[in-house]
Amino acid sequence: MSILKRRFARTLGLAVGAAVLFSTLAPAHAEDDSLRQKQTQACKGDALKLCALAIPNEKKITACMERKKDKLSPQCRAFFENKPAGGKKAPAKKH
């Protein structure tokens, strides 16, 4: 198999893996579904480019992208801004 064919097969495999990953992670609520679709659209290229070895593990992809936040596209980075470490919600402020 030529180098070009191997590269194409690898790229195609990564793209299919990412598509399957993002399509199977559909949340229960329509609002969440819409947000996930927007995040997928904004971050799919970054995930393939920066975190391909983490695919299809969503937790590993998220951790990788958080580590490489400075390299993310502005559209994708917006989904990682103001997100507390560990993926937990920030505690409510007391007045």
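Here is a short report on the structure shown in this document. (Residues numbered from 1 in each chain as written. Predicted model: local features only at pLDDT ≥ 70, side-chain atom pairs only at ≥ 80, totals over all residues. Heavy atoms only, no water.)

**Here we look at the overall build of the protein**
No. 1: Within the protein one finds four helices and zero strands.
No. 2: Its helices and strands in sequence order give the protein the pattern α-α-α-α, from N to C terminus.
No. 3: Per-residue burial for the protein yields a buried fraction of 21% across its 95 residues.
No. 4: Pairs at least 24 residues apart make up 43% of the contacts formed inside the protein by residues separated by at least 6 positions.
No. 5: Of the roughly 7,500 Å² that the protein leaves accessible, carbon and sulfur atoms contribute 58%. (Helix = DSSP H or I, 4+ residues; strand = E, 2+ residues; numbered from the N terminus. Buried < 20%, exposed > 50% of the residue type's maximum accessible area, 1.4 Å probe, protein only. Contact = heavy atoms within 4.5 Å. Areas by Shrake-Rupley, 256 points an atom, 1.4 Å probe, with all protein chains shown as cover.)

**Description of the state of the cysteines**
No. 1: Enumeration over the complete set of coordinates arrives at two disulfides.
No. 2: Paired through a disulfide, Cys51 and Cys64 show a sulfur-sulfur distance of 2.0 Å. A torsion of -85 degrees about the S-S bond marks the disulfide between Cys51 and Cys64 as left-handed. Here Cys51 is found in the loop between helix 2 (30-50) and helix 3 (58-67), whereas its partner Cys64 is found in helix 3, with 13 residues between them in sequence.
No. 3: Exposure remark for Cys51: the relative accessible area of 3% places this residue in the buried category. (Disulfide = S-S within 2.5 Å.)

**A short note on the environment of Lys49**
No. 1: Among the structural elements, Lys49 can be located in helix 2.
No. 2: Residue classification places Lys49 among the exposed positions, given a relative accessible area of 62%.

**Considerations on the pattern of salt bridges**
No. 1: Tallied over the entire structure, the rule returns one salt bridge.
No. 2: Residues Glu58 and Arg36 are paired through a salt bridge, measuring 3.2 Å at the closest nitrogen-oxygen approach. Taken together, the residues Glu58 in helix 3 and Arg36 in helix 2 connect sequence positions 22 residues apart.
No. 3: Accessibility expressed as a relative area gives 22% for Arg36, which makes it partly exposed. (Salt bridge = Lys/Arg side-chain N within 4 Å of Asp/Glu carboxyl O.)

**Thoughts on the nonpolar core**
No. 1: In this structure, Cys43, Cys51, Ile61, Met65, Leu72, Cys76 and Phe80 are the most contacted members of the largest nonpolar core, which totals 13 residues.
No. 2: Counting only elements with at least two residues in this core, the list comes to helix 2, helix 3 and helix 4 (74-80).
No. 3: The element best represented in this core is helix 2, accounting for four residues.
No. 4: Look past the residues within four positions of Cys43 in its chain and what remains in contact with it is Met65, Cys76, Phe79 and Phe80. (Core = buried A, V, L, I, M, F, W, Y, C linked by side-chain atoms within 4.5 Å.)

**Considerations on the side chain of Ser73**
No. 1: Locating Ser73 in the fold gives a position in the loop between helix 3 and helix 4.
No. 2: When near neighbours in sequence (up to four residues on either side) are disregarded, Ser73 contacts Ala42 and Asp46.

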